[in-house]
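Remarks on the overall topology
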Amino acid sequence: MTSHVTLYGDLPLYINGGPHASTTEQWIEVTNPADQSLLARAPKATAEEVELAVRTAHDAYLLWREVPAPERARVMFNYQHLLKVHHDELATLLAQETGKNFADAKGDVWRGIEVVEQACGIASQTMGETMGNVARRVDGHSWVQPLGVCVGITPFNFPAMIPLWMFPLAVACGNGFVLKPSEQDPLTPMRLAELFTEAGAPAGILSVIHGGAEQVDAILIHPDVKAVSFVGSARVGAHVYRTATENLKRAQCFVGAKNHMVIMPDANKGQVLSNLVGAGVGAAGQRCMAISVAVFVGSARDWIPELAEAFAAVRPGVWDDPQAAYGPLISPEARVRVENLIEAGKQEGAECLLDGTLCEVAGYPVGNWVGPTLFRGVTAQMGLYRQEIFGPVLCCMEVDSLDEALALINSNPYGNGTSIFTSCGAAARTFRHEVAVGQVGINVPIPVPLPFFSFTGWRGSFYGDLHAYGKQAVRFYTETKTVTERWFDEDIPTGPNMTISLR
Ligand code: NAD
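Residues numbered from 1 in each chain as written. Predicted model: local features only at pLDDT ≥ 70, side-chain atom pairs only at ≥ 80, totals over all residues. Heavy atoms only, no water.

1. A short note on the site of the ligand
Of all residues adjacent to the ligand, which total 29 residues, the nearest are Lys 180, Glu 183, Ser 233, Val 255 and Glu 388. With respect to the ligand, the side chain of Glu 183 contributes an N or O atom lying 2.6 Å from an oxygen atom. For the ligand, whose accessible area on its own is 840 Å², the fraction buried by protein is 88%. Class assignment for the residues of the shell around the ligand results in 16 nonpolar, 10 polar and three charged. Three or more residues apiece are contributed to the shell around the ligand by two domains, here domain 1 (13-256 + 460-484) and domain 2 (260-413 + 417-442). (Near = heavy atom within 4 Å. Polar contact = N/O pair within 3.5 Å; in protein donor to acceptor, adjacent residues only side chain to side chain. Areas by Shrake-Rupley, 256 points an atom, 1.4 Å probe, with all protein chains shown as cover. Nonpolar A, V, L, I, M, F, W, Y, C, P; charged D, E, K, R; others polar. Domains from an automatic or database assignment.)

What follows is the structure in structure tokens.
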């Protein structure tokens with residue numbers, strides 16, 4: 001199988017509605033994770049270029065905020081249409097730079113399109129509230145207004161979906177936006193920006209700057225930036241949250257995860273095994289909602305050998321191989337990290353039922369391959385359990401009761417996603433009510449909410465209060481103004497009111 005890839009050369013930044021050639025001397029190589037060949041180079045934006053991106057977004061916002069919400073919504077309708085027209089093209093680009101298989105790459109784009117669909121309804125989502133006669137002859141009402149410039153800092157693992165969690169809604173609300181996508185796969189976000197302009201978004205309202213820590217820090221402290229959305233690792237997320245809030249900006253940071261799936265003995269075995277394979281190793285385990293821990297309750301533990309057989313039947317491959325279950329990890333560093341964690345797990349005494357470290361894909365000897373890996377006998381003290389692996393590695397744990405499973409999950413520092421597989425409504429209800437995790441699946445392994453809800457990670461998986469997309473994101477990207485209003489036609493009261501009450 002030969003993987004088809006295109007060379008894209010040196011990328012520009014995207015500023016003021018079009019490509020902007022960087023004057024930087026520092027470039028980041030974007031490589032094909034299946035063979036390390038160079039796909040493109042991304043510039044590390046200079047301080048002046050970051051400044052220009054924020055300034056043009058701010059200038060565009062001053063005009064855009066006066067554009068009526070139904071007109072802003074029409075841009076989103078156009079954008080939704082264009083994303084669908086270009087769905088295959090975007091997925092091809094995305095698959096080449098991430099290594100995801102084509103079907104999964106299409107899913108990455110699709111879950112972003114769904115958020116654009118939510119942005120199409122922005123007019124009704126940004127209506128204020130009114131109440132007549134809040135005091136005698138006094139009326140109260142509220143207005144929802146944009147903030148100014150918002151920024152998004154995004155990770156490598158969903159280069160379409162996660163930028164689309166952010167800028168369409170922020171812009172639909174009337175803001176300007178600066179996106180700093182992952183330096184590991186910046187091609188897809190650039191194409192998203194071009195299509196946004198083609199859809200009718202005004203020049204400057206969305207800028208894309210490339211780079212890493214230095215560029216992020218420059219936007220975090222910029223006085224014209226009002227709100228920061230971040231998705232990425234816990235270490236960087238903590239830094240972004242602290243820096244943004246220290247600089248008196250609102251921030252929402254979606255970070256690492258360790259997602260458990262509880263398997264009750266009354267669950268449907270076939271459904272459990274196939275869902276564990278897909279949720280455990282799909283996208284090479286590089287999903288923040290991937291299942292990384294399977295908690296078998298009671299006699300469900302007897303299914304582990306069959307799970308090992310199902311895992312062994314899965315093989316990775318290049319993006320355009322229709323038989324490949326998943327692709328390579330994003331970088332050689334990521335592969336080495338995952339291999340080291342697997343090795344440490346063996347040293348710690350976990351039983352490795354299937355070891356993916358020596359995985360090979362014919363024709364791609366230097367790809368970042370890790371085969372499906374399965375451990376059992378994992379304990380809560382092991383590094384294999386405590387750290388986010390972000391690879392195609394599933395840890396099996398065994399407990400005697402649902403209460404024990406809940407105690408395990410609720411004492412893990414992360415709280416992004418979890419699921420239970422059972423045929424018992426009472427067990428499902430107990431789990432749903434008591435689990436301290438923000439996104440819960442019941443016989444659904446990866447419960448990523450649709451955009452009319454919000455993406456609601458909890459505890460160590462999220463810093464902030466208002467979450468991504470849905471009503472919460474509309475609140476995050478807007479400010480509420482309340483007006484208290486009185487008009488007289490006669491009986492104008494005289495003399496000062498020395499109290500706080502209205503009269
Ligand atoms: P990362 O933290 O390395 O990078 C995320 C972004 O931060 C990138 O744009 C990167 O350029 C920037 N960055 C990197 N180092 C920085 C620094 N020192 N200062 C400022 N900015 C910096 O994350 P990643 O490896 O791209 O993505 C994988 C991580 O993202 C995993 O931990 C995964 O769980 C998490 N993730 C979480 C969610 C969620 O919704 N909770 C979703 C997707 C991914």
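Structure's up, so let's keep going.
2. Some words on the pairing of strand 6 (residues 130-135)
Alignment of strand 6 against strand 7 (residues 138-146), held across three bridges, turns out to be antiparallel. In the sheet register, Thr 130 faces strand 7, and the bridge partner there is His 141. Taken together, strand 6 and the strand that follows it, strand 7, pair antiparallel across an intervening segment of two residues, in which Arg 137 is found at a positive phi of about 65°. (Pairing = 2+ DSSP bridges. Helix = DSSP H or I, 4+ residues; strand = E, 2+ residues; numbered from the N terminus.)

3. Structural notes on the domain arrangement of the protein chain
Assigned domains within the protein chain: domain 1 (13-256 + 460-484) and domain 2 (260-413 + 417-442). Just the C-alpha atoms count here: the centres of domain 1 and domain 2 sit 31 Å apart. Each partner contributes to the interface: domain 1 provides 21 residues, whereas domain 2 provides 23 residues. Summing both sides of the interface, domain 1 and domain 2 together bury roughly 1,800 Å²; the carbon and sulfur share of this comes to 59%. (Contact = heavy atoms within 4.5 Å. Buried area = accessible area lost by both parts, 1.4 Å probe.)

4. Overview of the pattern of salt bridges
On inspection of all chains with the given rule, the structure shows 19 salt bridges. The partner of Arg 111 in a salt bridge is Glu 114, with the nearest N and O atoms 3.1 Å apart. With Arg 111 and Glu 114 both in helix 4 (residues 102-119), this residue pair falls three residues apart, about one helical turn. Relative accessible area serves as the criterion here: at 24%, Arg 111 is assigned to the partly exposed category. Across the pair Lys 180 and Glu 183 runs a salt bridge whose closest N-O atoms are separated by 3.5 Å. When its relative accessible area of 29% is taken as the criterion, Glu 183 is described as partly exposed. Connected through shared salt-bridge partners, Arg 301, Arg 376, Glu 398 and Asp 400 make up one network. (Salt bridge = Lys/Arg side-chain N within 4 Å of Asp/Glu carboxyl O. Buried < 20%, exposed > 50% of the residue type's maximum accessible area, 1.4 Å probe, protein only.)

5. Quick look at helix 1 (residues 47-64)
Between the first and last C-alpha of helix 1 there are 25 Å, a value that for 18 residues agrees with the 26 Å anticipated at 1.5 Å per step. When helix 1 is considered as a whole, its buried residues turn out to be Glu 49, Val 50, Ala 53, Val 54, Thr 56, Ala 57, Ala 60, Tyr 61 and Trp 64. End-on, the buried residues of helix 1 take up no more than an arc of 165°, which puts them together on one face. Exposed residues on helix 1 whose side chains face more than 90 degrees from its buried face are Ala 47, Glu 48 and Leu 63. (Expected span 1.5 Å × (residues − 1). Arc of directions from axis to C-beta.)

6. Topic: the side chain of Thr 188
The residue Thr 188 is located in helix 7 (residues 187-198) in this model. A relative accessible area of 0% places Thr 188 in the buried class. Engagement of the side chain of Thr 188 in a polar contact is seen with the side chain of Glu 97, the distance being 2.5 Å. Setting aside its immediate chain neighbours within four residues, Thr 188 contacts Leu 90, Leu 93, Leu 94, Glu 97, Pro 159 and Ala 160.

7. Considering the UniProt feature "domain: Aldehyde dehydrogenase" (unreviewed entry) in the protein chain
Residues given the UniProt feature "domain: Aldehyde dehydrogenase" (unreviewed entry) here are residues 23-483. Overall, residues 23-483 shows 40% helix and 21% strand. The separation of its end C-alpha atoms is 48 Å. (UniProt positions renumbered as here; feature names shortened; annotations may be inferred.)

8. Description of the environment of Gln 118
Looking at the secondary structure, you find Gln 118 in helix 4. Distance in space between the C-alpha atoms of Gln 118 and Tyr 414 is 28 Å, their sequence separation being 296 residues. In this structure Gln 118 touches Gln 125, Leu 169, Pro 451, Tyr 469, Gly 470, Lys 471 and Val 474, once residues within four positions along its chain are discounted.

9. Observations regarding the pairing of strand 7
Relative to strand 23 (residues 478-486), strand 7 is paired through nine bridges, and the arrangement is antiparallel. Bridging from a neighbouring strand, Gln 145 pairs with Glu 479 of strand 23.

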